[in-house]
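Observations on the model geometry
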Amino acid sequence: EQVYLDILNRRFDNALQVVRKIPKKELDYGLLHTFLSKGCQWGHIQSVDYIWYRFVMRLPILIVSPNLLCDIGNLALHEEKGFIPDQLYIHYMKFHGKKKGEHDPYRYELLRIRVESFAKGTMNKTTFKEKWKMYLEDMDSQLPPTAEIKVRDFPFLTKAMGDCTKHEIMELLFTKSGLSV
């Protein structure tokens, strides 16, 4: 009962200490799901990180809903947890994924987060061409041709274009050269 109160009153550090001490067999599914969703809602990355790796990745106890996966992805993107977005997408495809070619806003959002996470995490380490290649592999080849893609959804990818010349960008956008990076 006290753990629920700590979670609902945003005392996540206290709740995390208690949850870490509870044996796995005594943990309640509802408690873990509430902790994960509230931790995500209030941006407590330590709680989200712990529950994600412990009870979704290592011990696959939780099945996370698509909208919560997207929320976790956005939190991970802004907290620079670069490995989580790939895992979120894999989890989504395993439990919720639709057939390729169908309109799926969750799939779009999780792919967008993957691309943005890569673009942000490797901002100065990789070229725009490498980031664009990942975009093509993740977004362009995975989504239906009718998917509406907005440049404003990709601020970190857009920022990475800063070093490119107009000619390089035009070549990447409008030629069908195989991108060998």
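In the block above lies the structure referred to throughout.
Every chain begins its residue count from 1, and numbering advances along the sequence as written. For this predicted model, a pLDDT threshold of at least 70 governs which residues receive local features, and a threshold of 80 or more governs which side-chain atom pairs are given and counted, while totals over whole chains, interfaces and linings are taken from all residues. Calculated side-chain values reflect all of the structure's heavy atoms, with hydrogen atoms and water omitted.

Here we take up the packing of aromatic side chains. Any Phe, Tyr or Trp ring, taking Trp's six-membered ring, that has another such ring centre within 6.5 Å forms a pair; planes under 30 degrees apart are called stacked, those over 60 apart edge-to-face, and the others tilted. Following the criterion strictly, the structure yields five aromatic pairs and no others. Centroid distance Trp132 to Tyr135: 4.8 Å. Interplanar angle 25°. Geometry classified as stacked. In this pair, Trp132 and Tyr135 both sit in helix α8 (residues 128–140), three residues apart, roughly one turn of the helix. Only protein chains enter the area calculation, which uses a 1.4 Å probe; residues under 20% of their type maximum are buried, those over 50% are exposed, and those in between are partly exposed. The exposure class assigned to Trp132 is buried, which follows from its relative accessible area of 13%. A connected cluster of aromatic rings, assembled from ring pairs, spans Phe128, Trp132, Tyr135 and Phe154. The ring of Trp42 has Arg10 sitting right over it, with the charged end atom 4.0 Å from the ring centre. Put simply, DSSP H or I for four residues or longer makes a helix, DSSP E for two residues or longer makes a strand, and each gets a number counted from the N terminus. Two thresholds decide whether a charge sits over a ring: the Lys NZ or Arg CZ must be within 6 Å of the ring centre and within 35 degrees of the ring normal.

Let's shift gears to the packing of helix α4 (residues 45–58) against helix α6 (residues 84–95). Axes here refer to lines fitted to C-alpha atoms; in helices the fit is confined to the stretch in contact. Angles between the N-to-C directions go from 0 to 180 degrees. The geometry of α4 relative to α6 is characterised by a closest axis approach of 12 Å and an angle of 40° between their N-to-C directions. Regarding the angle of α4 to α6, the classification is oblique. Pair α4 / α6 crosses with left-handed handedness. Contacts from Asp49, Trp52, Tyr53, Val56 and Met57 in α4 reach Ile84, Gln87, Leu88 and His91 in α6. For this classification, Asp, Glu, Lys and Arg are treated as charged, while Ala, Val, Leu, Ile, Met, Phe, Trp, Tyr, Cys and Pro are nonpolar and the rest, including Gly, are polar. Looking at side-chain class alone, the contact of α4 with α6 contains six nonpolar, two polar and one charged residues. Comment on the angle field: the value is read as roughly parallel under 35 degrees, roughly antiparallel over 145, roughly perpendicular from 65 to 115, and oblique elsewhere. Throughout, a crossing is termed right-handed when the near helix is turned clockwise from the far one, and left-handed when it is turned anticlockwise from it by less than a right angle. Contacts are assigned to residue pairs that have any heavy atoms within 4.5 Å of one another.

Further remarks concern the pattern of salt bridges. Here, a salt bridge means any Lys or Arg side-chain nitrogen found within 4 Å of an Asp or Glu carboxyl oxygen. Evaluation of the coordinates by the stated rule reveals six salt bridges. A salt bridge links Glu109 to Arg112; the nearest nitrogen and oxygen atoms lie 2.8 Å apart. Of the two residues, Glu109 and Arg112 both sit in helix α7 (residues 105–121), three residues apart, roughly one turn of that helix. Judged on exposure class, the residue Glu109 and its partner Arg112 are both buried. Three or more residues joined by partner-sharing salt bridges are found here, namely Asp86, Arg114 and Asp138.

On to the packing of helix α5 (residues 66–78) against α7, then. For the pair α5 and α7, the least separation of the axes is 10 Å and the interaxial angle reads 10°. Judged on the interaxial angle alone, α7 and α5 are roughly parallel. Pair α5 / α7 crosses with left-handed handedness. Contact with α5, carried on its side by Pro66, Asn67, Leu69, Cys70, Gly73, Asn74, Leu77 and His78, involves Tyr106, Glu109, Leu110, Arg112, Ile113, Glu116, Ser117 and Lys120 of α7 and no other residues of that element. When the residues that make up the contact of α5 with α7 are grouped by side-chain class, the tally is seven nonpolar, five polar and four charged.

Attention now goes to the side chain of Arg54. Position of Arg54 relative to the elements: it lies in helix α4. Put simply, Arg54 is tucked away with no salt bridge, and the nearest opposite charge, on Glu26, sits 12 Å away. Only 2.7 Å separates the side chain of Arg54 from the side chain of Tyr50, close enough to count as a polar contact. Leaving out residues up to four positions away in the same chain, Arg54 has contacts with Lys24 and Leu59. The charged-residue count follows a simple rule in which Lys and Arg add positive charge and Asp and Glu add negative charge, with His and chain termini not counted at all. As used in this structure description, the phrase polar contact means that two N or O atoms lie within 3.5 Å; if the pair is within protein, one of them must be able to donate a hydrogen and the other to accept it, and residues adjacent in sequence are counted only when both atoms belong to side chains.

Residue placement: Lys131 occurs in helix α8. The side chain of Lys131 sits in the buried core without any salt bridge; Glu130 is the nearest counter-charge, 7.2 Å away. Only 3.1 Å separates the side chain of Lys131 from the backbone oxygen of Thr122, close enough to count as a polar contact.

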